[in-house]
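Breakdown of the fold
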Amino acid sequence: MCGQFTGWPERAMDVLWQLQGEPAHATRERCRADRERLVRQPMIALLNEVADTDPRYEDFSVWHYRTDSWWWQHQGAVIRLGRKIEIGLRFSLDGLRVQGAWWYPDPGQVDTFRKAVASGGSGRELSAIVEDLRKKGYDISGDVMKRPPRGYPADHPRTNLLRHRSLIAARPLGCEEWLHTPEAVDRVLSAAADLDALLMWLVRHVKRAA
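Throughout this document, residue positions are counted from 1 along each chain, in the order its sequence is written. Per-residue local features of the predicted model are confined to residues with pLDDT of at least 70, and side-chain atom pairs are confined, for both listing and counting, to 80 or more; whole-chain, interface and lining totals are unaffected and use all residues. Side-chain numbers come from the whole structure's heavy atoms, not from hydrogens or water.

**Structural notes on the overall build of the chain**
- Within the chain one finds seven helices and six strands.
- The N-to-C order of helical and strand elements in the chain reads α-α-β-α-β-β-β-α-α-β-α-β-α.
- The buried share of the chain, reckoned over its 210 residues, is 48%.
- The contact rule is simple, with two residues in contact once any of their heavy atoms fall within 4.5 Å. In the chain, the share of contacts with a sequence separation of at least 24, taken over all contacts with a separation of at least 6, comes to 66%. Put simply, DSSP H or I for four residues or longer makes a helix, DSSP E for two residues or longer makes a strand, and each gets a number counted from the N terminus. For every residue, the accessible area (1.4 Å probe, protein chains only) is compared with the maximum for its type, and the residue is labelled buried under 20%, exposed over 50%, or partly exposed between those bounds.

Written out as C-alpha cells, the structure reads:
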C-alpha cells in the first residue's frame, strides 16, 4: 500500500539516470527495486491524493515496466474520464508532463466528434476551449488528416478541428524543486483544471460511438 505523497525523492532522478540509453538487463534488474520504490510508488501516491480531491479522478492506472527501455526511463500513468478520454501523466528526467487526450478512438467515435465540431454551438465551444489552452501554453496535436474529411466543405470555419481523428492538449509542468514536495499534487490539480473544459466537452460529445 502506497503511503501519503511527499514528492519524488531526489534519488529518483539518480535511478532514472542509470537507466538512460539502452541499459543492460543486469542494470535494469539492479535498479528495479529502487525504481519501484522511488519512481513508481510516488506516482501511485500522487494519484491517490488527486482522486481524494475529486472522485472523478478515481479510475487511474500507473504503468509497470516493459521490454522497451523507454518504459523504464519514463513513468506513465492515466486517469480515465470516459471511453478513450483521459488525463495522462509522465515523470522522467525532464520532469513531469501532463496531457488531456481523446485518442485510439473506437469505431464511430471520429464521426461523432466531427458532427459535434461541425455543429454551430458545440463546435464554437470546442474552438474557444482549444484556443484558450493554446494561450495557456498547451501544445495541441493528434492524428490529423491532410485534407478535410469527406462530406464537409473545405472552407468550413473549423476545418482544422474537423481534420482531427484524435485530440491531445499537452504541456510540461517542469522539473523544479516542487517535484520533490507535496506541491506536485497542486500542480497536477491545476493542470487538470486547465484541461477540464476540453475533457468534459469530449465526454459529452464523443464518449459513446455513434
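**Quick look at the packing of helix H4 (residues 109-118) against helix H5 (residues 120-135)**
- The convention used is that axes are lines fitted to C-alpha atoms, helices contributing only their stretch in contact, and that angles between N-to-C directions extend from 0 to 180 degrees. The contact between H4 and H5 brings their axes to 5 Å, and the two run at 95°. As far as their axial angle goes, H5 and H4 are roughly perpendicular. Side by side, H4 and H5 meet where Phe-113, Ala-116, Val-117 and Ala-118 of the first sit next to Gly-120, Ser-122, Gly-123 and Leu-126 of the second.
- Here the term charged refers only to Asp, Glu, Lys and Arg, the term nonpolar to Ala, Val, Leu, Ile, Met, Phe, Trp, Tyr, Cys and Pro, and the term polar to all other amino acids, Gly among them. When grouped by side-chain class, the residues that make up the contact of H4 with H5 number five nonpolar, three polar and no charged. To sort the angles, those under 35 degrees are grouped as roughly parallel, those over 145 as roughly antiparallel, those from 65 to 115 as roughly perpendicular, and the leftovers as oblique.

**Focus on the sheet that holds strand S3 (residues 85-92)**
- For two strands to be treated as a pair, DSSP must find no fewer than two bridges joining them. Read across the open sheet, the six strands follow the order S1-S2-S3-S4-S6-S5; overall the sheet is antiparallel. The open sheet has two edge strands, strand S1 (60-62) and strand S5 (139-141), and neither has a second partner. Within this sheet the neighbouring strands show an average axis-to-axis angle of 20°, counted without direction.
- In this sheet, strand S6 (residues 167-174) lies alongside S5 in antiparallel orientation, the contact comprising three bridges. Bridge pairing in S6 places Asp-139 opposite Ala-170.

**Points about the nonpolar core**
- We define a nonpolar core as any set of buried Ala, Val, Leu, Ile, Met, Phe, Trp, Tyr and Cys residues linked to one another through side-chain atoms lying within 4.5 Å. Formed by 59 residues in total, the largest nonpolar core has its most connected members in Leu-46 and Phe-91.
- The leading source of residues in this core is helix H7 (residues 183-206), at 12 residues.
- Discounting chain neighbours no more than four positions away, the residues touching Leu-46 are Phe-5, Trp-8, Leu-89, Ala-184, Val-185 and Val-188.

**Focus on unusual backbone geometry**
- Phi at Lys-84 takes a positive value of approximately 70°, unusual for a residue other than glycine.
- For Lys-84, the position within the fold is in the loop between strand S2 (75-82) and S3.
- The class for Lys-84 is partly exposed, based on a relative accessible area of 26%.
- Positive phi, close to 45°, is recorded for Tyr-104, a residue that is not glycine.
- Secondary-structure assignment places Tyr-104 in the loop between strand S4 (95-102) and H4.

**Comments concerning the pairing of S6**
- Across the eight residues that make up S6, a large majority, six, are buried.
- Both S4 and S6 contribute to a ladder of seven bridges, which runs antiparallel. Note that in S6 the partner of Trp-102 across the bridge is Leu-167.

**Looking at the pairing of S3**
- A large share of S3 lies buried, amounting to seven of its eight residues.
- Between the antiparallel neighbours S2 and S3 lie two residues, among them Lys-84 with a positive phi of about 70°.
- One ladder, built from eight bridges, connects S3 with S4; its direction is antiparallel. Paired with Ile-85 across the strands is Trp-102, a residue of S4.

**As for the pattern of salt bridges**
- Salt bridge, as used here: a side-chain nitrogen of Lys or Arg that lies within 4 Å of a carboxyl oxygen of Asp or Glu. For the structure on display, the rule yields 16 salt bridges.
- The partner of Arg-56 in a salt bridge is Asp-196, with the nearest N and O atoms 2.8 Å apart. Taken together, the positions of Arg-56 in the loop between helix H2 (25-53) and S1 and Asp-196 in helix H7 put the pair 140 residues apart, joining distant regions of the chain.
- Residue classification places Asp-196 among the partly exposed positions, given a relative accessible area of 23%.
- The shortest N-O distance in the salt bridge between Asp-106 and Arg-83 comes to 2.6 Å. Residue Asp-106 is found in the loop between S4 and H4, and its partner Arg-83 is found in the loop between S2 and S3; the two are separated by 23 residues along the sequence.

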